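A look at the structure
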Amino acid sequence: MRRRALFVWMLPLAAALVFGVALSATLGFLEVSIPDVFAILFAKAHGQGPPAGIDPVAAAVVADVRLPRILAAVLVGGLLGVSGAVFQAILLNPLADSYTLGISTGAAFGASLVIVLQIFGLALPPGVTVPVFAFGGAAGTLAAVLFLAAGDRRLSSTSLILAGVIVSAILSAAIGLLKFLADEQVGLIVFWLMGSLAGASWMNILLLAPAALLGTLIAVYYSRDLNIMATGDRAATSLGVDIVRLRFVLLAVATLMTALAVSVSGIVGFVGLIVPHLLRHLSGPDNRTLIPLAFCTGGLLLLVADTLTRAVLPVEVPIGVLTALLGGPFFCVLFKKRQRDGATAF
């Protein structure tokens, strides 16, 4: 039954994702047909030049500008979708995502720090860039959250959430200080915090693709244990699930996935919140089905949002702003629904 549900949902989602990538690559100032897009992608994959009969300029734009950005949108959205599903399963809270544990705030602090250091003229070694600092900030945040929650040997959801709120509040204040220090250059920090895929490159794809594959496979591997843990800590322990080890491993995996996504795109909110919760209503709460579907749905959602801001809207709106505008009302509706059902947000 589970395999049938996975097949029923995965097949149309995968087809929509492939079609969305091809369609998005045709949209922009230069018109390119869908068959030409596949021809350009095939030539790029085999290290060949522009296909015969296709404008070399259009081929270069599609291969080196549009396709890296489009694939980055799919991978970033997929990473955020899977990590959101894992965070919600671990914390047993459908309103949880990377913001709940302060992971996104930690990545934002790392990126803001390196931007300020560059403003003040500090010479940084080659390769020490915004993505590296963002990744380090997210990983450091997870370490701080686990350290604060370590007093609770079971690493309960309540302890992790409270630790995340505390660390996130401190980091938010630190980001405010960095904005103040940046003075007239504060726009550089603000632009990164709003999120954008405009600078995506093939190097980013080579970084994101293995992380997306490995992280999703690990999450799927532990999906049965996540289902058991939903029955409660005592029941899960009695059934042989090491809940402390499970939480530690999956928190680390989900954090690294979020950190890599944020290091490329900046802060993109609500994808990790909306996607898993929506899928639970459509395909059910089984994490063995939910997690792989979350990757495709998250990738498709961010692809649509990025295509809208890149090729449809008259002005390119930062992707993080657009997802927040779309996700904010959804969050409000979800919150009110939980109140009517007699549940609190946490």
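Now for a quick tour of the structure. (Residues numbered from 1 in each chain as written. Predicted model: local features only at pLDDT ≥ 70, side-chain atom pairs only at ≥ 80, totals over all residues. Heavy atoms only, no water.)

What follows is about the overall build of the protein. Check the secondary structure of the protein and you find 14 helices and 0 strands. Listing each helix as α and each strand as β along the protein from the N terminus yields α-α-α-α-α-α-α-α-α-α-α-α-α-α. Against the compact-globule benchmark of 20 Å for 346 residues, the protein has a radius of gyration of 21 Å, which places it among compact chains. If one aligns the C-alpha atoms of the protein with their principal axes, the spans along those axes are about 65 × 55 × 35 Å. When burial is assessed residue by residue, the protein has 50% of its 346 residues classed as buried. The contacts of the protein with a sequence gap of at least 6 include a subset with a gap of at least 24, amounting to 75%. Carbon together with sulfur atoms contributes 71% to the accessible area of the protein, which is approximately 16,200 Å² in total. (Helix = DSSP H or I, 4+ residues; strand = E, 2+ residues; numbered from the N terminus. Rg over C-alpha atoms; globule rule 2.2 N^0.38 Å. Buried < 20%, exposed > 50% of the residue type's maximum accessible area, 1.4 Å probe, protein only. Contact = heavy atoms within 4.5 Å. Areas by Shrake-Rupley, 256 points an atom, 1.4 Å probe, with all protein chains shown as cover.)

On the surface, a nonpolar cluster with roughly 470 Å² of combined accessible area is contributed by F120, L177, F180 and L181. One can find F180 in helix α6 (residues 157–182). (Patch = residues over 30% accessible without salt bridge, like charges linked within 9 Å, V, L, I, M, F, W, Y side chains within 5 Å. Salt bridge = Lys/Arg side-chain N within 4 Å of Asp/Glu carboxyl O.)

Relative to the elements of secondary structure, F109 occurs in helix α4 (residues 103–119). We classify F109 as partly exposed; its relative accessible area is 22%. Separated by 87 residues in sequence, F109 and A22 place their C-alpha atoms 35 Å apart.

Look at helix α3 (residues 56–91) against helix α12 (residues 271–283): their axes get within 7 Å of each other, and the N-to-C directions meet at 70 degrees. The angle between α3 and α12 places the two elements in the roughly perpendicular class. α3 and α12 meet at a crossing whose hand is right-handed. Contacts between α3 and α12 involve G77, L80, G81, G84, A85, Q88 and A89 from the first element and V271, G272, L273, P276, H277 and R280 from the second. Residue classes in the contact of α3 with α12 are distributed as 6 nonpolar, 6 polar and 1 charged. (Axes fitted to C-alpha atoms, helices over the stretch in contact; angles between N-to-C directions. Parallel < 35°, antiparallel > 145°, perpendicular 65-115°, else oblique. Left-handed = near helix turned anticlockwise from the far one by under 90°. Nonpolar A, V, L, I, M, F, W, Y, C, P; charged D, E, K, R; others polar.)

Glancing now at the nonpolar core. L101, L160, W192, L226 and L251 are the most contacted members of the largest nonpolar core, which totals 97 residues. Sort the elements by how many residues they give to this core and α3 lands first, with 20 residues. (Core = buried A, V, L, I, M, F, W, Y, C linked by side-chain atoms within 4.5 Å.)

Distances and angles like these do not, on their own, reveal function.
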